[in-house]
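# Inside the fold
Single-letter residue listing:
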Amino acid sequence: MKNIVQNLGSVASGLNQNSILMFNLLHQQRQSDRGSVRAAGSIGISRVSYSKMVTVQVKVVFSRVTDIDTIGQQFAAEVHIQARWVENGLQGKSEKQLDEIPFTEIWDPKLAIINIVGGLEKDRLSVMVRYEEEEVHPVVTYMWCVKAVFMEVLELEHFPFDTQELSVILSSDRPMDEIDLVPDNNNISSVGTTAVKNAQEWKSFSHVDFTKDFRSTDNSNSTMHPVLIASAHVRRRLGFYMWNVFIIVFLILGLSLTILSIDPTGNDRLGVNMTLFLTCVAFKLVVKTTLPHISYLTYLDIYVVFTMMYLAAQAFENAIISHLARFKNREKVIMYDEIAQSILISLLVLFHAVFLVYIRLTAFSRRRQMTEKDHAHHLKAVELKNKSKKGHQNSQPPEEKKDSQMNDSHINGPDGFSQSNKTV
């Protein structure tokens, strides 16, 4: 019996080693295949688990946005994700011991980005464990740099006055009762000042908004996973569409008023109207190629469609006046034409006034909200910087403060993230 137990133990040990080896192979395969559906960042094979929920504080920095594809509904970006959580199991260890801790003794949040399209151009993961001010337990700082194409459903109702959200949807393979993803209030998320590569078309805002959500992995919805959406914002520059679209359409409307110099009892007016109408239709088809197939009208569509409807109404008016001239008194026909043209011109002026006010109350109001959030973001960044600098100086002996101030610029790595001591 003793031999049987020993044999079973050796078999179980072999199975456990094979399981670890298989997990390593599966992890390597997932790392090579990541991006087909999502991108997963894992620090390795972690044997640590907790009975209580772990709160993970997340900071996201959009360091570069290389392309925003309006038609393809996606954008390419390089994003730095920092996650921090308190590691209760490492309490009492020294800084040197924390540097030598293997990944298997660190709890793994099993983070994943679920709106990745295609593969990853860049994927770098690093971890650092240290004691922080006002924390009794060590804090794990998890840093993940990702460069990829992200799926984003663009809201084009305000086009070309639109402000777009560029979101990175972060989730975890752990259920909601094990992990809680929250924004990091002590490390502010941001968008780089030169993040948007195509600065001629887009201008970025510096703040990042967070939205909490959840998802399920099966049809029964029995297991729910947390979701944290980090959204940067960019606004479209108006120069291109103003000079190449709105001005041209406005000139077409202006040219339609030149028919007032043509005798209303003839057919020449109708010929001018139809020429302008067909020009506007051709222009509308060209403009539509710059947008995806959407089931609603953008602000640009509204303006072009109104122009077509105005030209069509003017053509109907000219046809009716030309028909009345055959059996009505010329003076009465001219009077009818003046009344009809006055009504059409009044509608034209009224539409432009209402349209401009509507744009100001909707699209431009959203831009003002983003500007106000940028101002609040700047104030918070200055406050956190002063607080961090003051706390760092107070925690040092007087003779070390001068050296610390001289080396302050070397504490942080690129994009505002601290340098790490462990890299995956």
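What counts and what doesn't
- Residues numbered from 1 in each chain as written.
- Predicted model: local features only at pLDDT ≥ 70, side-chain atom pairs only at ≥ 80, totals over all residues.
- Heavy atoms only, no water.
- Axes fitted to C-alpha atoms, helices over the stretch in contact; angles between N-to-C directions.
- Helix = DSSP H or I, 4+ residues; strand = E, 2+ residues; numbered from the N terminus.
- Parallel < 35°, antiparallel > 145°, perpendicular 65-115°, else oblique.
- Left-handed = near helix turned anticlockwise from the far one by under 90°.
- Contact = heavy atoms within 4.5 Å.
- Phe/Tyr/Trp six-rings, centres within 6.5 Å; stacked < 30°, edge-to-face > 60°.
- Buried < 20%, exposed > 50% of the residue type's maximum accessible area, 1.4 Å probe, protein only.
- Expected span 1.5 Å × (residues − 1).
- Polar contact = N/O pair within 3.5 Å; in protein donor to acceptor, adjacent residues only side chain to side chain.
- Salt bridge = Lys/Arg side-chain N within 4 Å of Asp/Glu carboxyl O.
- Pairing = 2+ DSSP bridges.
- Patch = residues over 30% accessible without salt bridge, like charges linked within 9 Å, V, L, I, M, F, W, Y side chains within 5 Å.
- Areas by Shrake-Rupley, 256 points an atom, 1.4 Å probe, with all protein chains shown as cover.
- Core = buried A, V, L, I, M, F, W, Y, C linked by side-chain atoms within 4.5 Å.
- Nonpolar A, V, L, I, M, F, W, Y, C, P; charged D, E, K, R; others polar.

Let us look at the packing of helix α3 (residues 239-256) against helix α5 (residues 299-324). At a minimum axis distance of 11 Å, the contact between α3 and α5 shows a crossing angle of 15°. Comparing the axis directions of α3 and α5 gives the class roughly parallel. The crossing of α3 and α5 is left-handed. Between α3 and α5, the contacting residues are V245, F246, V249, F250, I252, L253 and S256 on the first element and L300, Y303, V304, T307, Y310, L311 and Q314 on the second.

With that out of the way, let us pick up the packing of aromatic side chains. Taken as a whole, this structure holds 16 aromatic pairs when the rule is applied. Consider the rings of W85 and Y142, whose centres lie 6.2 Å apart with planes at 50°: the pair is tilted. Taken as a pair, W85 in strand β3 (residues 74-86) and Y142 in strand β6 (residues 139-151) lie far apart in primary sequence, 57 residues in all. There is no split in this pair, since W85 and Y142 are both buried. Ring-pair connections join several aromatic residues into one group, and the members of that group are F161, F246, Y299, Y303, F306, Y310, F351, F355, Y358 and F364.

An α-helical segment advances 3.6 residues per turn. Residues three or four places apart therefore align on the same side. With 32 residues, helix α6 (residues 330-361) should cover 46 Å at 1.5 Å per step; its first-to-last C-alpha distance of 47 Å lies within 8% of that length. Among the residues making up α6, those that are buried are V333, D337, Q341, L344, L348, F351, H352, F355 and I359. The residue sitting at the N-terminus of α6 and contributing the capping side-chain oxygen is N329; that oxygen lies 3.1 Å from the backbone nitrogen of E331.

The subject of this paragraph is the pattern of salt bridges. Going through the model one piece at a time under the given rule, you end up with 13 salt bridges. The residue R215 makes a salt bridge to D173 at a minimum N-O spacing of 3.8 Å. A residue pair is termed long-range when its members are at least 10 positions apart, and R215 in strand β11 (residues 209-216) and D173 in the loop between β7 (163-172) and β8 (179-183) qualify at 42 residues. Given the relative accessible area of 17%, R215 is considered buried. Notably, a salt bridge pairs R236 with E201, separated by 3.2 Å at the nearest N-O pair.

Turning next to the pairing of β8. Counting buried positions along β8 yields four of five residues, so the element is predominantly enclosed. As paired elements, strand β2 (residues 54-69) and β8 share five bridges and run parallel to each other. What sits directly across from T55, in β8, is D180.

In this structure, the amide linkage connecting F159 to the following residue, P160, adopts the cis form with an omega of 5°. As for its position among the elements, P160 is in the loop between β6 and β7. Even without a glycine there, the phi angle at Q73 is positive, about 55°. Mapped onto the elements, Q73 comes out in the loop between β2 and β3. For K110, which is not glycine, the phi dihedral falls at a positive 55°. Counting through the fold element by element, K110 comes out in the loop between α2 (95-99) and β4 (111-113).

It is worth spelling out a nonpolar patch on the surface at this point. Together, M335, Y336, I339, I343, L347, L350 and V354 give the surface a local cluster of nonpolar side chains, amounting to about 640 Å² of exposed area. With respect to the helices, strands and loops of the structure, M335 is situated in helix α6. The exposure class assigned to M335 is partly exposed, which follows from its relative accessible area of 41%.

Moving on, we get to the nonpolar core. Within the largest apolar cluster, 44 residues are counted, with the highest numbers of intra-cluster contacts made by V56, W85, I113, W144 and F150. Broken down by secondary-structure element, the contributors of at least two residues to this core are β2, β3, β4, β5 (116-130), β6, β7, β8 and β12 (224-236). Take this core: its biggest share by element is seven residues, from β2. Ignoring anything within four residues of it in the chain, the contact list for V56 reads A83, R84, W85, W107, P109, I179, D180, L181 and V182.

Take the packing of α5 against α6 next. Two numbers describe how α5 lies on α6: the axes approach to 10 Å, and their chain directions differ by 175°. In terms of their interaxial angle, α5 and α6 are classed as roughly antiparallel. Residue composition of the contact of α5 with α6, grouped by class: 19 nonpolar, four polar and two charged.

Bringing the side chain of R174 into the picture now. The residue R174 is located in the loop between β7 and β8 in this model. In this structure the side chain of R174 is engaged in a polar contact, spanning 3.0 Å, whose partner is the side chain of E178.

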